[in-house]
Amino acid sequence: MGTGSKSSHQSYAVSPTALAEPPAAPLDLAGAPAAGEGGGLTGAASGGAGSSEFEVPELPDPYAEPVPPGEPPAAESPFAELDALLGDEAEPVPPAELAEQGVPEASVDPEVAGAEEELQGGGEEQPAEEAVLLQAEDIQQVQEEDEEEQEETDPPLTPVPAAPPVGEPTGTPILVGGDDFINSEATLVAYDSPDGPREVLLTHISEEAEEKLLDALSIPGTHMEEIQVEEEVKERLDLDKQKKLAELTKTAVSSVQHKLKTGSEMSDASIAKHQAAVDAVSAVLSDPSISDDEKAMAQHYMDQLDVVKDKIDNGGAVMPWMEAYEVTATKMVTKQIPVPDGDPEPGTLAATVRKASRIKANLDPATGQTSWDGVARASANGTEYEIDMGDGWKAVYRPYKDNDPKHTEYSLRGQLEVHAPAGAGHGKDLVERLEQLHLMNKPMTASEGEWTYLANNIQAQGLEGSAGMKAAMDTAQGLQDLQVQEIVHQRMESLMGLDGDALQTAMKRIHLEASHKVLPMKVEVVRDAVAKASGFSSGAELAASPGYEPTPATGGKWLTWSRFDVTGKKAEIQGAFKGRSLTHNLNGGDLASLLGVGVLASTEKRAVMGIGGGLGMSEQADKMTGGANSVFLRVRKTPSSPGGGRLIWDDPSVLMQRSDYYAYNGDHYGAINPANGHYSAAAITRDPKKIATFSGSSNEIMFRNGIDLLGAEAPSRIVCHTAAERSSILASFSARGITHLGGKPVEDVLCT
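Residues numbered from 1 in each chain as written. Predicted model: local features only at pLDDT ≥ 70, side-chain atom pairs only at ≥ 80, totals over all residues. Heavy atoms only, no water.

Q: Quick rundown of the pairing of strand β18 (residues 646-649)? Include the residues and the values.
A: Of the strand pairs in this sheet, strand β15 (residues 580-585) and β18 are connected by four bridges, and their pairing is antiparallel. Each residue of the ladder has a partner; that of histidine 584, found in β18, is leucine 647. Pairing between β18 and strand β22 (residues 717-719): three bridges, direction antiparallel. Its bridge partner lying in β22, arginine 646 is registered against valine 719. (Pairing = 2+ DSSP bridges. Helix = DSSP H or I, 4+ residues; strand = E, 2+ residues; numbered from the N terminus.)

Q: Can you lay out the pairing of strand β4 (residues 181-191) for me, pointing to particular residues and giving the numbers?
A: Taking burial as the measure, the eleven residues of β4 include ten buried ones, the bulk of the element. Between the end of strand β3 (residues 172-175) and the start of β4, which pair antiparallel, lie five residues, with glycine 178 showing a positive phi angle near 80 degrees. Summarising the sheet, β4 and strand β5 (residues 198-205) pair through seven bridges and their orientation is antiparallel. Bridge pairing in β5 links leucine 188 to leucine 201. The antiparallel pairing of β4 with β5 creates a hairpin that spans six residues between the two strands, and glycine 196 there sits at a positive phi of about 105 degrees. (Buried < 20%, exposed > 50% of the residue type's maximum accessible area, 1.4 Å probe, protein only.)

Q: Could you give an account of unusual backbone geometry, naming the residues involved and the relevant values?
A: Positive phi, close to 60 degrees, is recorded for serine 184, a residue that is not glycine. Following the sequence through the fold, serine 184 ends up in strand β4. If you check the backbone angles, lysine 244 has positive phi at about 55 degrees while not being a glycine. Tracing the backbone shows lysine 244 in the loop between α6 (238-243) and α7 (245-262). Judged by relative accessible area, which is 48%, lysine 244 ranks as partly exposed.

Q: Tell me about the packing of helix α11 (residues 446-460) against helix α14 (residues 500-533), and please be specific about residues and values.
A: With their axes 8 Å apart at the nearest point, α11 and α14 run at an angle of 40 degrees to one another. Read as a crossing pair, α11 and α14 show a hand that is left-handed. Touching Ser447, Glu448, Glu450, Trp451, Leu454 and Ile458 of α11 are His516, Leu519, Pro520, Lys522, Val523, Val526, Arg527 and Val530, all from α14. The residue makeup of the contact of α11 with α14, split by class, is eight nonpolar, two polar and four charged. (Axes fitted to C-alpha atoms, helices over the stretch in contact; angles between N-to-C directions. Left-handed = near helix turned anticlockwise from the far one by under 90°. Contact = heavy atoms within 4.5 Å. Nonpolar A, V, L, I, M, F, W, Y, C, P; charged D, E, K, R; others polar.)

Q: Quick rundown of the packing of aromatic side chains? Include the residues and the values.
A: Throughout the structure, instances matching the rule amount to five aromatic pairs. Where phenylalanine 536 meets phenylalanine 564, the ring centres are 6.3 Å apart and the plane angle is 80 degrees; that geometry is what we call edge-to-face. Separated by 28 residues along the polypeptide, phenylalanine 536 in the loop between α14 and α15 (539-544) and phenylalanine 564 in helix α16 (residues 564-567) bring together distant segments of the chain. Phenylalanine 564 gets classed as buried once you look at its relative accessible area, which sits at 6%. Taking the centre distance of 5.5 Å and the plane angle of 50 degrees together, the rings of tyrosine 661 and phenylalanine 703 count as tilted. Of the two residues, tyrosine 661 is situated in the loop between α21 (653-656) and β19 (662-664) and phenylalanine 703 in strand β20 (residues 700-704); the sequence distance between them amounts to 42 residues. Residue phenylalanine 703 is classed as buried on the basis of its relative accessible area, which comes to 0%. The residue whose ring lies beneath lysine 522 is tryptophan 451, and the NZ or CZ to ring-centre distance is 4.7 Å. (Phe/Tyr/Trp six-rings, centres within 6.5 Å; stacked < 30°, edge-to-face > 60°. Lys NZ or Arg CZ within 6 Å of the ring centre and 35° of its normal.)

Shown next as structure tokens:
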């Protein structure tokens, strides 16, 4: 992790058991049964014998390795080097323990067993000179072929464009597999510039994924170097350690001290402990050969024991804390010190620490195009890393750990930018380059999308503490750990052909690959737990319910995930909001410009789109609370004659089906920062029915990133200031071919 410490790269370490021969090919883990089929799922839930809270897929047992006669001692094993390089910090969970968590031991397929026997004893041994060890590039080629095959059967939910449209202010939204990114979202933006398009990937990584990213970096001041320095130290004398005088005296003191605190009578045991300490100290004091320091040390303990004797005889107040006798000595000690400008560690990227900033883009109001020269940046309150990725590529990251939520902008924590060299055509490379930062780097597929959908619903519906949920999450992690072990066992021979750095690189790829492969099985486990936590009998029943939509809305400027407790009960939500609407007041902002861009965007989104500040009511405060990552709406009685400059959703269920909102029945500046005074854990809510009852005049509902005003989330009424403004906007819509908003003719939506 760029520290030079022995713990570097621990998060990727595994310790595979040495094998004399590579195991038989594992069962195919890539596929998962369709919803409702339940094929290949066995096992009981964690927690009770014979229970079945959720089921998990079978996995081959990587622990039943063949051990042929005459296996060399461990120290001479050809796999000892791999063991040493990978470390032992992440020992796999034995099958017996996983079975207790609901992961059964898999039975061995007869064909697989036969193949294994053939590998062990049958056939002729291949001459060593004919054996070929795959190198890192060969492993990568195999992985790429597997990925191409998987893409054909499970295509990306959001294909990655080779070249994002130049100047489009909202960019192209995409989804990246895994859960390294908040909501799995990323955006590809191609800014116009004199040097050609400046293509950038913008995303927000989760706090849990930060350790992986930091592991990829060499950060100045964190690279450590060992040096020998002369230092004064305090230490006990060797005779004290040998005779254990401090320990014996402390035992006597502690025993009597307990009696003094509780007012109990002195016990025979306490008296015996005191006498044992006195005997040991007296023996040292009576030795004529001891030094002056040793005599002073023994007398120090005897004085303390005299106090103990007085307390045994007379009782009284508790005694002062007993300090061990120490002397000051000068010694050479080894210390680790930070090296400010040390060379990057092998396999890591050089990072520079600097004051936080944001892309300073510019949106042309006449053309609606955004531009950026690749250099200009606006200052921000916080810290960021500028990362050199090589070949003209770079990244900018604002870390959670170096941005104190009390004193820096909370909304920028976790923001990541990846910058391609000037020119077009880097769209797919921008995603693939995430691997350099140890992050997931493949477009999300439909089977992966369900994981994000479930995770969002767990948070939105407050299911985190539901019965069985933690056990399901633990089991899901166990499945991933087993998948890592399976891949390692498959490629043991080829991994042994790699040097230390190449092995670390291969292991990081294996972890990413395992996460990608096992996700469909993790979904099966967690879906079942979510189903039971929300009133369904099984995951299959939940998946078959009308409101279950495990793919995001991808038609507009944003990608949004729904929540099945709203989409499946739309009439209930509409009933709860009867006579009430969601509204947004532009506060004097230009309605025509807003509709020209087509989105109601958060403060953070407006910054990278090139829209200047000053449009929000409390932009700087919102950056500190975290509200700057969202747009703000209010619950109001449905207005019959609203003022101009307003967006109104008379059917709030259109927006309440999203899973990313939260709300307060008062003005809290959209706070999600627990360290900010505006945050209130008791007042914040995600419950749509509770939000429907809001009566506070300053109530607020926050939607992450923004709202697509021209797509399915379009408001039911857009209130213009004047008839002339309405005519101008209608003309603009006509020129752009926009005839309907939210299924209604634009003439019916625009009003004065």
